[in-house]
Amino acid sequence: GLTTLTGSRYLSVPKSAQILLQESRQRGLALFDVRLSGRGALLDQAEKDKQPAAGADFVVQPDMTLEEIDEILAQTEATALKRGTAVCLIYASPLAIDRLHRWLPTLPELGILLMPFSAVLK
């Protein structure tokens, strides 16, 4: 697939998003929009074109504190339970890995399963 880590200002323009989606569609690629600046034209256009795409609901940045990471993980968990799916993009850092190591074993008892990203593509 294809992901968007930078270029949110460029991709917020519908014509730019359309060009990227056309190229990715021609190559048979799904789209993962990290959505660092909220839902933009890219996912809207992908939905309109019926192209497989999804975006991050939450993002753990490498400079976040323990409390901030735990809050994002709690929000991810709550969203998954409420909506049925949640996507959290986690930039690897020692602290984020530690928090994941503690959080992941708690998910099965809540009925939350980890799945490949392809499971949330629309």
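Preceding this paragraph is the structure being described.
These remarks concern the structure in this document. Note that the structure is a prediction, hence the values are computed from the model and not measured.

## Here we look at the overall build of the protein chain
Of the regular secondary structure elements, the protein chain holds 6 helices and 5 strands. Starting at the N terminus, the α and β elements of the protein chain follow one another as β-α-α-β-α-β-β-α-β-α-α. Going through the 122 residues of the protein chain one by one, you find that 35% of them count as buried. A separation of at least 24 residues holds for 63% of the contacts in the protein chain among residues at least 6 apart in sequence. In the structure as shown, the protein chain presents an accessible area of about 7,700 Å², 58% of it carried by carbon and sulfur atoms.

## What to know about the environment of isoleucine 112
Structurally, isoleucine 112 can be placed in the segment after helix H6 (107-110). Sequence-distant contacts of isoleucine 112, that is, excluding residues within four places in its chain, are made with Glu77, Ala80, Leu81 and Leu107.

## Description of the environment of aspartate 98
For aspartate 98, the position within the fold is in helix H5 (residues 94-103). Considered as a pair, aspartate 98 and leucine 66 are 32 residues apart in the sequence and their alpha carbons are 9.4 Å apart.

## Looking at the side chain of glutamine 51
Turning to its location among the elements, glutamine 51 is positioned in the loop between helix H3 (41-49) and strand S3 (53-55). Assessed through its relative accessible area of 3%, glutamine 51 is described here as buried. Here serine 24 takes part through its side chain, which lies 2.8 Å from a polar atom of the side chain of glutamine 51. In contact with glutamine 51, other than residues within four places in its own chain, are Leu21, Ser24, Arg25, Leu29, Ala46 and Lys122.

## Re the packing of aromatic side chains
With the rule as written, the count across this model stands at 1 aromatic pair. Their ring planes at 65° and their centres at 4.5 Å tell us that phenylalanine 32 and phenylalanine 117 sit as a pair that is edge-to-face. With a gap of 85 residues between them, phenylalanine 32 in strand S2 (residues 31-33) and phenylalanine 117 in the segment after H6 connect regions that are remote in the sequence. The class for phenylalanine 32 is buried, based on a relative accessible area of 16%.

## A closer look at the sheet that holds S2
Sheet architecture is open: 3 strands sit in the order S1-S2-S3, paired in parallel fashion. Either end of the sheet is taken by a strand with one partner, and the two such strands are strand S1 (2-4) and S3. The average angle at which neighbouring strand axes cross in this sheet is 15°, direction not considered. Sheet topology places S1 next to S2; 3 bridges connect them, and they run parallel. Residue threonine 4 lies in a different strand from S2, and its bridge partner there is aspartate 33.

Parameters at a glance
Residues numbered from 1 in each chain as written. Predicted model: local features only at pLDDT ≥ 70, side-chain atom pairs only at ≥ 80, totals over all residues. Heavy atoms only, no water. Helix = DSSP H or I, 4+ residues; strand = E, 2+ residues; numbered from the N terminus. Buried < 20%, exposed > 50% of the residue type's maximum accessible area, 1.4 Å probe, protein only. Contact = heavy atoms within 4.5 Å. Areas by Shrake-Rupley, 256 points an atom, 1.4 Å probe, with all protein chains shown as cover. Polar contact = N/O pair within 3.5 Å; in protein donor to acceptor, adjacent residues only side chain to side chain. Phe/Tyr/Trp six-rings, centres within 6.5 Å; stacked < 30°, edge-to-face > 60°. Pairing = 2+ DSSP bridges. Axes fitted to C-alpha atoms, helices over the stretch in contact; angles between N-to-C directions.

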